[in-house]
Amino acid sequence: MDIITVGDKQFEKFIDSQTIDMAIETTALQINEEYRDDVPLFLVTLNGAMFFAVDLFRHLTIDFTMSCIKLSSYEGTGSTGILQEQLGIKENVKNRRIIILEDIVDTGLTYEYIVKMLENMQPRDVRMATMTFKPDSYKKNYPIHYVALTIPSRFIVGRGLDYNGLGRNYNDIYQVINE
Ligand code: 5GP
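So, here's what we can say about the structure. Just so we're clear, the structure is a prediction, and the values are computed from it rather than from any experiment. (Residues numbered from 1 in each chain as written. Predicted model: local features only at pLDDT ≥ 70, side-chain atom pairs only at ≥ 80, totals over all residues. Heavy atoms only, no water.)

### Examining the overall build of the chain
Line of reasoning, step 1. Across its full length, the chain holds three helices and ten strands.
Line of reasoning, step 2. In the chain, the order of α-helices and β-strands from amino to carboxyl end is β-β-α-β-α-β-β-β-α-β-β-β-β.
Line of reasoning, step 3. Taking the principal axes of the C-alpha coordinates as reference, the chain spans close to 45 × 35 × 25 Å.
Line of reasoning, step 4. Within the span of the chain, comprising 179 residues, buried residues form 49% of the whole.
Line of reasoning, step 5. The contacts in the chain between residues at least 6 apart in sequence include a share of 69% that link residues at least 24 apart. (Helix = DSSP H or I, 4+ residues; strand = E, 2+ residues; numbered from the N terminus. Buried < 20%, exposed > 50% of the residue type's maximum accessible area, 1.4 Å probe, protein only. Contact = heavy atoms within 4.5 Å.)

### Brief notes about the side chain of Ser-67
Line of reasoning, step 1. As for its position among the elements, Ser-67 is in strand 4 (residues 65-75).
Line of reasoning, step 2. There is a polar contact of 3.2 Å between the side chain of Ser-67 and the side chain of Glu-91.
Line of reasoning, step 3. When residues no more than four places from it in sequence are discounted, the contact partners of Ser-67 are Leu-41, Phe-42, Leu-43, Val-44 and Glu-91. (Polar contact = N/O pair within 3.5 Å; in protein donor to acceptor, adjacent residues only side chain to side chain.)

### Side note on the site of the ligand
Line of reasoning, step 1. Near the ligand lie 16 residues; those nearest to it are Thr-107, Thr-110, Lys-134, Ile-156 and Asp-162.
Line of reasoning, step 2. One of the backbone nitrogen or oxygen atoms of Asp-106 is found 2.9 Å away from an oxygen atom of the ligand.
Line of reasoning, step 3. Within the contact set of the ligand, an oxygen atom lies 2.4 Å away from a side-chain nitrogen or oxygen of Thr-110.
Line of reasoning, step 4. In isolation the ligand has 510 Å² of accessible area, and contact with the protein removes 92% of it.
Line of reasoning, step 5. Contributing elements (two or more residues each) for the shell around the ligand: strand 6 (97-105) and helix 3 (109-119).
Line of reasoning, step 6. Ranked by residues supplied to the shell around the ligand, first place goes to strand 6 with four residues.
Line of reasoning, step 7. Counted by class, the shell around the ligand contains seven nonpolar, three polar and six charged residues. (Near = heavy atom within 4 Å. Areas by Shrake-Rupley, 256 points an atom, 1.4 Å probe, with all protein chains shown as cover. Nonpolar A, V, L, I, M, F, W, Y, C, P; charged D, E, K, R; others polar.)

The following block contains the structure:
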């Protein structure tokens, strides 16, 4: 299917499933290499990043632990700019090497919020691994350490990314037509 309807919008196929799988595997191999002597703690940002997390974890050969956090900033296809913490960090992160997992980094607001949440908890270091990154929308200076796919600033769905809660289940990534 090259055109899909999600809610009241139409989307066209943008990145095929195989390309996404290969990009995620490459990211996992990089993490395997760089965390060979550590046991990182992955912070999975719900709901969207759970799909990316599973795909990434299947290729990891290192020991790791994981925990989920939940924030929300989006309604429809535009950010509200206000973040709400729905599930915070429950884990003891002191001296742990943290890798935040995101489905997408857009403006970087969510990333900044999580970095600030972690600031007083004394992790050893904090890195970001994201399935998709929109460099033209990014407004922060925090480094994005692992990017599976760099994309233009168009609204996308699929692979865990939703439009008003729908469309997460598509294995390909689709971009909105006539935003
Ligand atoms: P940021 O805080 O970096 O601006 O945005 C991060 C969050 O915004 C993501 O976790 C995601 O929920 C949402 N978001 C940003 N761009 C898109 C997009 O193109 N598609 C979808 N479905 N969500 C997006």
